[in-house]
Amino acid sequence: MAALPSNGILIGDKTYSGVMISLENCLISEEKCALTPSILDGLDLDTETDLRCVGCELIQAAGILLRVPQVAMATGQVLFQRFFYTKSFVKHSMEHVAMACVQLASKIEEAPRRVRDVINVFHRLRQLREKQKPTPLILDQEYVNLKNQIIKAERRVLKELGFCVHVKHPHKIIVMYLQVLESEKNSHLVQTSWLASEGK
């Protein structure tokens with residue numbers, strides 16, 4: 001995609017700029033992977049890796065409970081990872097960002113879910129993690145504050161990613177290659193390929 005002129009496009013009396021997408025700005029450099037904002041804020045690599053894994057597991061579990069398509073869960077996980085390569089776990093709540101990414105990904109993949117449903121599912125997952133008796137979420141001021149924080153976190157993710165939220169998943173390409181190789185009926189190969197594409 002060609003870059004727009006530095007002065008943007010004039011529509012009516014307002015000037016709008018564009019978004020330039022190229023390989024240089026959609027791939028994360030090795031330096032940025034090694035020195036993440038969290039590490040610069042003093043978080044050790046093992047803790048950051050654990051937080052990344054837990055966040056993605058939460059997104060996956062929430063997506064299953066919300067009955068969103070697998071592609072929406074994968075999109076949410078990619079957005080979550082991208083966000084935390086530009087922002088620190090020290091300064092942003094992992095759980096709030098995970099909720100925001102589920103909410104945003106459900107919209108991107110055209111399977112929208114209400115913020116209330118996302119919050120309820122994460123509330124239930126927290127109870128399961130802490131082995132607590134299931135109790136309904138009380139719709140009090142604390143709930144309203146949490147809802148507002150999730151909406152703000154969603155905006156923050158969008159802003160930080162420059163509204164560039166398109167995610168190209170490898171799954172369709174894998175299926176196409178398996179069809180070309182006439183191996184789409186080999187369930188073991190299909191499953192292995194699918195898991196490898198997700199980095200498992």
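Check the entry above for the structure.
Residues numbered from 1 in each chain as written. Predicted model: local features only at pLDDT ≥ 70, side-chain atom pairs only at ≥ 80, totals over all residues. Heavy atoms only, no water.

Some details on the overall build of the protein chain
A count of helices and strands for the protein chain gives ten helices and two strands. When the helices and strands of the protein chain are listed from N to C terminus, the series reads β-β-α-α-α-α-α-α-α-α-α-α. Burial status across the protein chain gives 34% buried among its 200 residues. Across the protein chain, every contact between residues at least 6 apart in sequence was considered, and the portion connecting residues at least 24 apart equals 63%. Surface exposure of the protein chain reaches about 13,100 Å², of which carbon and sulfur atoms provide 58%. (Helix = DSSP H or I, 4+ residues; strand = E, 2+ residues; numbered from the N terminus. Buried < 20%, exposed > 50% of the residue type's maximum accessible area, 1.4 Å probe, protein only. Contact = heavy atoms within 4.5 Å. Areas by Shrake-Rupley, 256 points an atom, 1.4 Å probe, with all protein chains shown as cover.)

With respect to the side chain of R52
By the secondary structure assignment, R52 is in helix α4 (residues 45-66). Here F84 takes part through its backbone oxygen, which lies 2.9 Å from a polar atom of the side chain of R52. Aside from chain neighbours lying at most four places away, what touches R52 is T36, F80, Q81, F84, Y85 and F89. (Polar contact = N/O pair within 3.5 Å; in protein donor to acceptor, adjacent residues only side chain to side chain.)

A few points about the environment of V167
With respect to the helices and strands, V167 occurs in the loop between α8 (141-160) and α9 (171-180). In the structure, V167 is positioned 58 residues away from E109 in sequence and 10.0 Å away in space, judged by C-alpha atoms. Excluding anything up to four places from it in sequence, V167 contacts T75, V78, L79 and R82.

Concerning the packing of aromatic side chains
The full count for this structure, using the stated rule, is four aromatic pairs. Between F80 and F84 the ring centres are 5.1 Å apart and the planes differ by 65°, which places this aromatic pair in the edge-to-face class. Like F80, the residue F84 is buried in the burial classification. Ring geometry for F84 and F89: centres 3.8 Å apart, planes at 10°, overall stacked. Assessed through its relative accessible area of 9%, F89 is described here as buried. Within the aromatic cluster, the residues linked to one another by ring pairs are F80, F83, F84 and F89. Above the ring of Y85, the side-chain terminus of R52 is found at 3.9 Å from the ring centroid. (Phe/Tyr/Trp six-rings, centres within 6.5 Å; stacked < 30°, edge-to-face > 60°. Lys NZ or Arg CZ within 6 Å of the ring centre and 35° of its normal.)

Remarks on the pattern of salt bridges
This model, assessed by the stated rule, comprises seven salt bridges. The partner of R52 in a salt bridge is E48, and the shortest N-O contact between them spans 3.0 Å. Placement of both R52 and E48 in helix α4 is noted, with a separation of four residues, approximately one turn of the helix. Of the two residues, R52 and E48, both sit in the buried class. Across the salt bridge formed by E95 and R126, the nearest N and O atoms sit 3.1 Å from each other. Taken together, the positions of E95 in helix α6 (residues 94-108) and R126 in helix α7 (residues 115-129) put the pair 31 residues apart, joining distant regions of the chain. Relative accessible area serves as the criterion here: at 15%, E95 is assigned to the buried category. Judged by relative accessible area, which is 25%, R126 ranks as partly exposed. (Salt bridge = Lys/Arg side-chain N within 4 Å of Asp/Glu carboxyl O.)

Notes on the side chain of T36
Within the secondary structure, T36 sits in the loop between α2 (30-34) and α3 (37-40). Residues in contact with T36, not counting those within four places in the same chain, are E48, R52 and Y85.

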